[in-house]
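Overview (structure and organization)
Residue strings, one per chain:
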Amino acid sequence: MRYIQQGSKKGFVLAIVLWIVAAILLGITTIAIFSKDTVSLSQSLQDKLVTRMESQDVLEGLKFYIITANFDNISFINSNLKDFTYNFPDRLISDGRWYNLNDTVKIKLLDTSSLLNIVTADPNLIAAIAAKNLQNQLEYSIADSIKDWRDKDNFMHLNGAENSTYELKKKVAYKIRNNRGIQDVEEMRLRNGIDSLTIPQWNAFKGKLYYGFSAGITNLDLIDVKYLAYILNFSEADAQILVDIRSKDLQKFMNIVYALPQYNDQYMGFYLTRQIKIEIQVTKNKAKSILKTMIYFKPTKDRQYTTVTYAIY
């Protein structure tokens with residue numbers, strides 16, 4: 001009887017020991033898992049910080065490249081940075097194309113002379129670009145709604161929208177400005193007609209806009225077929241012929257357009273404004289940083305350039 005009791009006690013103790021060992025192993029496993037996650041998170045955070053710093057470093061190098069570069073009507077030219085940290089090409093065309101500096105860094109430049117200034121651009125032109133390949137009625141609605149947004153009265157254009165129109169829409173808690181004092185490109189999204197664009201359509205359209213208070217010049221060497229057709233009052237087919245000529249012989253294109261009666265040197269030209277939208281993307285493992293800025297590279301008395309907008313994420 002005593003033997004059985006002693007055996008039971010030993011078995012009970014053994015069970016407790018096994019449970020304790022199992023608990024310890026579970027705790028060790030849990031700690032190991034959390035430690036692994038913590039290490040992974042720390043590495044990802046470090047990679048993110050590295051990409052942010054590198055994108056800023058690339059921007060500083062790019063500023064120096066542009067400030068010391070020669071330029072023509074569509075690009076910046078600088079062959080004096082062969083030993084620079086980043087392998088910038090001898091020529092950077094400012095039409096929004098991507099340049100890969102290495103396996104992890106890429107940049108693009110876009111002169112605002114190829115974009116629409118949302119403060120000053122013709123509403124009909126904005127509507128034509130926004131409703132490209134969409135129904136004509138949407139184009140008329142966007143154009144008249146922009147006019148109503150800008151003008152000071154509350155009289156609605158034929159296809160436009162005044163406060164009453166927005167009040168009738170659900171989940172709309174804003175009124176139109178009745179002036180040109182827009183604050184940001186994103187405000188364009190609020191306007192009647194444009195608010196009906198899908199997210200991909202809006203993103204594509206937004207990429208053709210910029211915000212500023214100077215009218216600027218439209219660089220005919222950079223704009224796309226739709227823009228060129230509108231500004232020259234051509235059909236898109238005829239504008240495409242001009243674009244094809246432009247891609248092969250830029251000087252011939254300029255000579256043809258300059259001789260057209262529609263050409264107006266007050267708002268048309270063949271040169272860069274040097275107000276550049278820049279995007280820099282840097283990746284490292286799973287981390288990625290995107291830097292977007294718009295810089296005006298026209299020297300003033302106090303500085304070599306002026307940063308208009310800046311964001312990094």
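Reading guide: rules and limits
Throughout this description, residue numbers start from 1 for each chain and increase along the sequence as written. Confidence filtering applies because this is a predicted model: local features only for residues at pLDDT of at least 70, side-chain atom pairs given and counted only at 80 or more, and all residues used for totals across whole chains, interfaces and linings. Only hydrogens and water are removed before side-chain values are computed, so all heavy atoms of the structure are retained for them. Every axis corresponds to a line fitted to the C-alpha atoms, with the helix fit spanning only the stretch in contact, and the corresponding angles, defined between N-to-C directions, vary from 0 to 180 degrees. Secondary structure follows DSSP: runs of H or I at least 4 residues long count as helices, runs of E at least 2 residues long count as strands, and numbering of each begins at the N terminus. An angle below 35 degrees is read as roughly parallel, one above 145 as roughly antiparallel, one from 65 to 115 as roughly perpendicular, and any other as oblique. Two helices crossing with the near one rotated counterclockwise from the far one by less than a right angle form a left-handed crossing, whereas a clockwise rotation gives a right-handed crossing. In what follows, residue pairs with any heavy atoms lying within 4.5 Å of each other are defined as contacts. When residues are sorted by character, Ala, Val, Leu, Ile, Met, Phe, Trp, Tyr, Cys and Pro go into the nonpolar class, Asp, Glu, Lys and Arg into the charged class, and all the rest, Gly among them, into the polar class. Using protein atoms alone on a 1 Å grid, points that fit a 1.4 Å probe yet trap it form a cavity, whereas open point sets bounded by protein on both sides within 12 Å along at least five of seven lines form a pocket; residues with an atom within 4 Å of a point count as lining. Grid points are joined across faces, edges and corners, and a volume is the space filled by probe spheres set on the points. We call a set of buried residues a nonpolar core when its members are Ala, Val, Leu, Ile, Met, Phe, Trp, Tyr or Cys and they connect through side-chain atoms within 4.5 Å of each other. Throughout this description, buried means an accessible area under 20% of the type-specific maximum (1.4 Å probe, protein chains only), exposed means over 50%, and partly exposed covers the range between. Pairing between strands is defined by DSSP: at least two bridges between the two strands are required.

1. Considering the packing of helix α6 (residues 225–232) against helix α7 (residues 236–248)
Contact pair α6 / α7: the axes reach a minimum separation of 8 Å and the direction vectors enclose 115°. With respect to their mutual orientation, α6 and α7 come out roughly perpendicular. Two packed elements cross with a definite hand, and for α6 against α7 that hand is right-handed. Across the interface between the two elements, Val225, Lys226, Leu228, Ala229 and Leu232 from α6 touch Glu236, Ala239, Gln240, Leu242 and Val243 from α7. Here the contact of α6 with α7 is composed, by residue class, of 7 nonpolar, 1 polar and 2 charged.

2. Focus: the environment of Ile74
Mapped onto the elements of the fold, Ile74 is located in the loop between β1 (70–71) and β2 (75–77). Beyond its immediate sequence surroundings of up to four residues, Ile74 is in contact with Arg91, Leu92, Ile93, Ser94, Asp221, Leu222, Leu250 and Leu272.

3. Description of the environment of Val58
Relative to the elements of secondary structure, Val58 occurs in helix α1 (residues 2–67). Spatially, the C-alpha atoms of Val58 and Leu101 are 9.6 Å apart, while their sequence positions differ by 43 residues. Those residues in contact with Val58 that lie beyond four places of it in its chain are Tyr86, Phe88, Leu101, Val105, Ile107 and Ile280.

4. With respect to the layout of surface pockets
Considering only enclosed or pocket space, the largest pocket measures out at about 750 Å³ in volume. For the largest pocket, the lining is made up of 24 residues, of which Lys206, Leu209, Lys277, Lys292 and Thr309 are closest to its centre. At the level of secondary structure, the elements contributing two or more residues to the lining of the largest pocket comprise β5 (105–111), α5 (199–206), β7 (209–210), β10 (275–284), β11 (287–296) and β12 (306–312). Partitioned by chemical class, the residues of the lining of the largest pocket number 11 nonpolar, 6 polar and 7 charged.

5. Description of the nonpolar core
The biggest cluster of nonpolar side chains holds 40 residues, and the ones touching the most others in it are Met188, Phe205, Leu220, Leu228 and Val257. Of all the secondary structure elements, the ones that give two or more residues to this core are α2 (123–130), α3 (136–150), α5, α6, α7 and α8 (250–258). Here this core takes 6 residues from α6, the largest share from any one element. What Leu228 contacts, discounting residues up to four positions off in sequence, is Leu220, Ile223, Ala239, Leu242, Val243 and Phe253. Ranked by size, the runner-up nonpolar core spans 28 residues in total, among them Ile66, Ile74, Leu109 and Ile295.

6. Section: empty space enclosed by the protein
Using the criterion set out here, one finds 1 cavity of 30 Å³ or more in the structure. Of the pockets and cavities examined, the largest cavity occupies roughly 40 Å³. In terms of lining, the largest cavity is formed by Ile118, Val119, Trp149, Arg150, Asn179, Arg180, Ile182 and Arg191. Per-class residue counts for the lining of the largest cavity are 4 nonpolar, 1 polar and 3 charged.

7. Observations regarding the sheet that holds β10
Judged by pairing direction, the sheet is antiparallel, and its 5 strands sit side by side in the order β4-β5-β10-β11-β12 without closing on themselves. Among the strands making up the open sheet, the edge pair consists of β4 (95–100) and β12. The sheet shows a mean angle of 15° between the axes of neighbouring strands, direction not considered.

8. Points about the pairing of β10
Within β10, 7 of the 10 residues are buried, which leaves the element mostly enclosed by the surrounding structure. Here β5 pairs with β10 via 7 bridges, running antiparallel. When the sheet's bridge partners are listed, Ile107 is paired in β10 with Ile280. Strand direction decides the pairing type here: β10 and β11, joined by 10 bridges, are antiparallel.

Nothing here speaks to function; it is geometry throughout.
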